[in-house]
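Fold and geometry: a report
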Amino acid sequence: MSKVKVRFAPSPTGPLHIGGARSALFNYLEALNTGGELVLRIEDTDIERSDRKYEEEIIDSLRWMGIDWTEGVGAGGDNGPYRQTERLEIYNKYLEKLLDSDQAYECFCTAEELEAERQELLAKNEMVRYQGKCRYLSLEERQAKKDAGQKPAIRFKVPDNKVLVVNDLVRGQVTFESSNMGDFIIVKSDGIPTYNYAVVIDDVLMGITHVIRAEEHLSNTPGQLLIYDALNLKRPEFAHISLILGTDRQKMSKRHGATSIIQYREMGYLPEALFNYLALLGWSPEGEEEILSPSEIIERFSLKRVSKSPAVFDMDKLNWTNQQYIKKLSVEELTEMLRPYMDDSIYVNDLKGLSEYKLSLLIEVTREYLVCLKDISEHVAVFFTDIQYEDKALEVLQKPEVIEVLKLFVDNCPDFNEPEDVKKYLKDLMKANELKPKQVFMPIRCASSGQVHGPDLPVLLTIWGKEEVVRRINESIAKVS
RNA sequence: GGCCCCUUGGUCAAGCGGUUAAGACAUCGCCCUUUCACGGCGGUAUCAGGGGUUCGAGUCCCCUAGGGGUCACCA
């Protein structure tokens, strides 16, 4: 069996989104699992909407996620160029064959005519498809239109009564009939090929063995099959993977919130977490492990275990996955990754003012709350804001015996350099006054932070330092006295 | 509307004719603990409906229903 060669072929009309990333990922996984190759081709035939900046963005996003390719834009190769707009002569060569063999023809219909035809069919509740008006134009008629300055588009002549079977690796045999298809455009009037045509030529010329793409392309496939046949080209294998849906079960789109990879990157999701989560959307490994490294996923991946049914994108599970990866990081690694987010925080100066030791303490106790990196700012707030009294905390502070404890704490409070110092002092305090932990920890937490919940108390106090802690507690004493 | 695809808990899903129908997220409860979180333990919750085939059906076939995709000189 020959080597597997797959491709990811985005059109640079927007940033890489979740669905695209998942398609790229499955291609990548299939390639690496089989020892094959991944090609990156840019399908920029939509001149209006395509933009180089999106191409770069997509490439950045792919690399960030850890998806690599060995051929194509950004990697070179012998089958280039890899941008469709740079391959126009190639498409033309094949177009001539199609025209010469009478398998394609010029169409002079205008957008208005086409729209009228569509409306008419819609009104009659009939199948919307091109009726073939220009199919049998005589040479003279065509020439006359051209002389009049009309630029033709080229349509593919769909043969009658052909049964087209897509042997899909995930869906099995899917059958279509050519009678349900109208002659479709393969080259636009500006000379640029359409997707359905260019994709065939490119996949063949680039030696693609498996076309793995989203299910929305399944109904385009019979038309493409026709072109393979018309040109006598060998068909690749197809695998149409199901769509990713929003919680409303509609295809993921902008209105579902964050859909571009860049957004997840900015929020501070780790690439491995996204890689892991997306791989598990529509594919499941054997065994029960759910947290798998890229290499473990590559090793286990198989198209055979790809699901046919669409999957709803579940933010909760992504969050959980991300937390698992954050937990695996060392404090040093995490600190480095957190730097840009701390710089963006409104507490940037407070954070910068911390000693390295205190910063590591802070990150150590804060990490367990982090869902994604950008959350650092909100979880660090308690360290740097004035006391924000919650009702529950106030209730605690109202109790008369609590004031006594606070005073005791303040009166003999030593300097403390590390959490152990605080613990020791607290312990001594409890022992000397026969107090239980609960009678001490909660009052001090409430008095110093105004909150009934929060990070580990000894760490909290250590980061503030004695002066600040005493100041805060006195403030609370004054407030409730 | 035509064509095509899909249908196991709220979500991701395992399952490939015989199972007490896994597991994970979420949710609920308990434990751990100075609080929250983490962690540990446990609970609630699923085969869309109807016909077949079969000794036996989540698993095979058909129909219905629901959802989705696609019907562009977008990809």
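The following refers to the structure shown. Since the model is a prediction, treat every value here as computed from it, not as a measurement. (Residues numbered from 1 in each chain as written. Chains lettered and ligands numbered in written order. Predicted model: local features only at pLDDT ≥ 70, side-chain atom pairs only at ≥ 80, totals over all residues. Heavy atoms only, no water.)

**Focus: the protein's contact with RNA strand B**
Residues in close proximity to RNA strand B total 61 residues, the closest being Arg171, Gln250, Gly282, Tyr369 and His453. Restricting attention to atoms of RNA strand B within 4 Å of the protein, one finds that 73% of them are sugar or phosphate atoms. Measuring from a sugar or linking oxygen of RNA strand B, one finds a side-chain N or O atom of His453 at 2.4 Å. Here the residues of the surface near RNA strand B sort into 23 nonpolar, 16 polar and 22 charged. (Near = heavy atom within 4 Å. Polar contact = N/O pair within 3.5 Å; in protein donor to acceptor, adjacent residues only side chain to side chain. Nonpolar A, V, L, I, M, F, W, Y, C, P; charged D, E, K, R; others polar.)

**Here we look at helix α20 (residues 457–464)**
Across the eight residues of α20, eight count as buried, placing the element largely inside the fold. Looking only at α20, the buried set comprises Leu457, Pro458, Val459, Leu460, Leu461, Thr462, Ile463 and Trp464. Each element contacted by the buried residues of α20 is listed here: α14 (356–366), α15 (376–384), α17 (400–411), α18 (419–433), α19 (437–449) and α21 (466–480). Downstream of α20 by one or two residues, Gly465 has phi in the positive range, about 90°. (Buried < 20%, exposed > 50% of the residue type's maximum accessible area, 1.4 Å probe, protein only. Helix = DSSP H or I, 4+ residues; strand = E, 2+ residues; numbered from the N terminus. Contact = heavy atoms within 4.5 Å.)

**Overview of the nonpolar core**
The biggest cluster of nonpolar side chains holds 85 residues, and the ones touching the most others in it are Leu29, Ile186, Tyr197, Leu278 and Phe313. With eight residues, the single largest contributor to this core is helix α1 (residues 18–34). For Ile186, the contacting residues outside a window of four places in its chain are Leu95, Leu98, Ala104, Ile154, Arg155, Phe156, Pro193, Thr194, Tyr197 and Ile227. Judged by nonpolar contacts, the second largest core, of 59 residues, contains Leu351, Leu362, Phe416 and Leu426. (Core = buried A, V, L, I, M, F, W, Y, C linked by side-chain atoms within 4.5 Å.)

**Brief notes about the packing of aromatic side chains**
Across all of its chains, the model carries eleven aromatic pairs by this definition. Here Tyr264 and Phe313 contribute two aromatic rings whose centre-to-centre distance is 6.1 Å and whose plane-to-plane angle is 70°, an arrangement assigned as edge-to-face. One end of the pair, Tyr264, is in helix α8 (residues 261–267); the other, Phe313, is in the loop between β12 (311–312) and α11 (315–328), with 49 residues separating them in the sequence. The pair formed by Tyr264 and Phe313 is uniform in burial state, with each residue classed as buried. Pairing Phe383 with Phe384 gives two aromatic rings, centres 6.2 Å apart and planes at 50°, and the pair type is tilted. Residue class for Phe383 comes out buried when judged on its relative accessible area of 3%. Look at Phe384 and you get buried, because its relative accessible area is 18%. An aromatic cluster of at least three residues, connected via ring pairs, comprises Tyr264, Tyr269, Tyr277 and Phe313. Note that Arg22 overlies the ring of Phe26, its terminal NZ or CZ placed 5.0 Å from the centroid. Over the ring of Tyr54 we find Lys53; its NZ or CZ atom is 4.7 Å from the centre of that ring. (Phe/Tyr/Trp six-rings, centres within 6.5 Å; stacked < 30°, edge-to-face > 60°. Lys NZ or Arg CZ within 6 Å of the ring centre and 35° of its normal.)

**Re the packing of α18 against α20**
One can describe the packing of α18 onto α20 by two numbers: an axis separation of 8 Å at closest approach and a directional angle of 115°. Comparing the axis directions of α18 and α20 gives the class roughly perpendicular. The two elements α18 and α20 meet at a crossing, and its hand is right-handed. Every residue of α20 that contacts α18 at Pro419, Val422 and Lys423 is listed here: Pro458, Val459, Leu461 and Thr462. Among the residues making up the contact of α18 with α20, the classes are represented as five nonpolar, one polar and one charged. (Axes fitted to C-alpha atoms, helices over the stretch in contact; angles between N-to-C directions. Parallel < 35°, antiparallel > 145°, perpendicular 65-115°, else oblique. Left-handed = near helix turned anticlockwise from the far one by under 90°.)

**So, the packing of α1 against helix α9 (residues 271–279)**
Two numbers describe a pair of packed helices, the interaxial angle and the distance between the axes. Direction vectors running N to C along α1 and α9 enclose 85°, while the axes themselves pass 10 Å from each other. By the angle class used here, α1 and α9 are roughly perpendicular. On α9, the residues touching Ile18, Ala21, Arg22, Leu25, Phe26, Tyr28 and Leu29 of α1 are Phe275, Leu278 and Ala279. Looking at the contact of α1 with α9, its residues break down into nine nonpolar, no polar and one charged.

**Observations concerning the sheet that holds strand β4 (residues 104–107)**
Within the open sheet, the three strands sit side by side as β4-β5-β8. Their pairing is antiparallel. A strand with exactly one partner marks an edge of an open sheet, and here the two such strands are β4 and β8 (185–187). Each neighbouring strand pair of the sheet contributes to a mean axis angle of 45°, computed without reference to strand direction. (Pairing = 2+ DSSP bridges.)

**Observations regarding unusual backbone geometry**
The amide bond that connects Gly80 to the next residue, Pro81, takes the cis arrangement and shows omega of -5°. With respect to the helices and strands, the residue Pro81 is situated in the loop between β3 (71–72) and α3 (88–100). Phi is positive for Asp102, close to 60°, though the residue is something other than glycine. Counting through the fold element by element, Asp102 comes out in the loop between α3 and β4. A residue is classified by how much of its surface remains accessible, and Asp102, at 49% relative accessible area, is partly exposed. Within the chain, Asn161 stands out as a residue other than glycine whose phi angle is a positive 50°. Along the chain, Asn161 turns up in the loop between β5 (153–156) and β6 (163–168).

**A short note on the pairing of strand β2 (residues 37–40)**
Bridge analysis of strand β1 (residues 5–8) against β2 gives four bridges, and the strand direction is parallel. Following the sheet pairing, Val6 is matched in β2 by Leu38. In this view, the connection linking β1 to its parallel neighbour β2 by way of α1 has right-handed handedness. Across two bridges, β2 lies against β3 in parallel orientation. Residue pairing in the sheet places Val39 in a bridge with Glu71 of β3. The parallel pair β2 and β3, bridged by helix α2 (residues 52–65), forms a crossover whose chirality is right-handed. (Right-handed = clockwise from strand over helix to strand, strands pointing away.)

In short, the description is geometric, and any link to function would need to be established separately.
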